[in-house]
Amino acid sequence: MGQKFSAAALFRKGISGDDWPRAWRHHDLQSTYDVVIVGGGIHGLATAYYLAKHHGIDRVAVIEKGYIGGGGSGRNTAIIRANYLTPEGSRFYDRSVELYEGLSDDLNFNIMFEQRGHMTLAHSDASLRTMRWRAEVNKLQGIDSEVIGPEDVKALAPMIDTSRRVGHPIEGALWHPPGGIARHDAVVWAYARGADSLGVHIHQQTEVTGIDVDGGRVTGVQTARGRISAPVVVNCTAGWSSIISAMAGVRLPITTTPLQAAVTEPVQHFLHPVVVSGTLHVYVSQTARGELVFGAAVDPYTSYKTNGSLEFTEGLAAHILELMPAVGKMRLLRQWAGLCDMTPDYAPIISGTPVDGFYVDVGWGTWGFKAGPVAGEQTAALVATGRVPELIAAFGYDRFAEGTLTAEKGAAAVGH
Ligand code: PYC
């Protein structure tokens, strides 16, 4: 899969001016596919990849309105972790960490996953109690998580102000060694190349304008480039998930809210783990290139806007300076927003729907990136077998009507 270059060959190629081999091909849009996946982000591409790889279903089209990875997959802070609050969530995201660990080998593409450890700070007795709760739930699922004290926080991230002089002194933290960061666009490209090599067609610049349903069954999709007939359509979009589902007559209990993030200029490495503070509404990691990547709470209103705001930058600066005063001299380079599709219980919906053949992998809130591999694997299994895998049994569409919610809000990195 893909072409391999030695380091020297890579260098020669880089300066040669020759074209690089295409990582995925262009195909004419076919009039029929066995499965059409709407959304060319990590979820859609991973679903296509596992459909072909694990289930031999390769007459699959991934339809993307813009360019692959241009939505939520390219608009996140690339954090991976499994330290959730519910047993269902913890097990699910633990499988994702496991898949991420093997992804560079599986796809022969370096996704730069670094397990630097993930630290969620507690600034009060109440949040320390939640950290203990999460640690116990995690341990019962075999996940490496424990509560540590302020002196351990200081040892793991010396730049953090652990003194009692600040407005919100640190009382401890949830420490989760398997957590870390990866390069988000590498994950997109790796799945795209992997899916392409197994026969999947990737169609960029192909907007879905309608979904055809006849007698309670999905029959195809209308696109700006023509109609495709297909007995199975999977909605793997983020931001637009309720709009796409409404085209099939399926209502989703989802509201959409922007989540902003920002990145600094690169500096020498000083921050190893991912650090999160719910109280200060901030999380931060340092990339392999040396930039600090920051995120904060979701915007306080629903919207489809993906631009940054000055209010966000001001709030972020105030909070990060309380946590790490020394970064005050660094300059922000860029900021952006991604769209978060929030469900009432903050858990996703991976499920069939009242329309036969129409499936959804949606409602990821602020957790879409870290779930990509496992969501793809499990959605593919659901679509291919028609049976609900145990790992996603708690994420069904019917749970909202039945009142069997999966209360995951307490695992949020920051305020929602
Ligand atoms: O839940 O780890 C998380 C997260 C980070 C950024 C947004 N959500």
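Residues numbered from 1 in each chain as written. Predicted model: local features only at pLDDT ≥ 70, side-chain atom pairs only at ≥ 80, totals over all residues. Heavy atoms only, no water.

1. Some words on the site of the ligand
Move 1: For the ligand, the full set of nearby residues is Thr77, Ile79, Arg81, Leu259, Tyr283, Thr366, Trp367, Lys370 and Ala413.
Move 2: For the ligand, an oxygen atom lies 2.9 Å from a polar atom in the side chain of Trp367.
Move 3: In this structure, Lys370 approaches the ligand through a side-chain N or O atom, which is 3.2 Å from an oxygen atom.
Move 4: In the complex, the protein chains occlude 96% of the 240 Å² of accessible area that the ligand would expose alone.
Move 5: Here the residues of the shell around the ligand sort into five nonpolar, two polar and two charged. (Near = heavy atom within 4 Å. Polar contact = N/O pair within 3.5 Å; in protein donor to acceptor, adjacent residues only side chain to side chain. Areas by Shrake-Rupley, 256 points an atom, 1.4 Å probe, with all protein chains shown as cover. Nonpolar A, V, L, I, M, F, W, Y, C, P; charged D, E, K, R; others polar.)

2. Describing the pattern of salt bridges
Move 1: All told, the structure shown has 13 salt bridges when counted by the stated rule.
Move 2: Close ionic contact of Glu265 with Arg331 constitutes a salt bridge, the shortest N to O distance being 3.0 Å. With Glu265 in the loop between strand S13 (255-264) and strand S14 (274-277) and Arg331 in the loop between helix H8 (310-323) and strand S17 (332-342), this residue pair connects regions lying 66 residues apart in the sequence.
Move 3: Given a relative accessible area of 58%, Arg331 falls into the exposed group.
Move 4: Taken together, the salt bridges that share partners define one network made up of Arg95, Glu98 and Glu377. (Salt bridge = Lys/Arg side-chain N within 4 Å of Asp/Glu carboxyl O. Helix = DSSP H or I, 4+ residues; strand = E, 2+ residues; numbered from the N terminus. Buried < 20%, exposed > 50% of the residue type's maximum accessible area, 1.4 Å probe, protein only.)

3. Structural notes on the state of the cysteines
Move 1: What the rule picks out here adds up to zero disulfides.
Move 2: The thiol of Cys340 is not disulfide-bonded; the next cysteine sulfur, from Cys236, is found 17 Å away. (Disulfide = S-S within 2.5 Å.)

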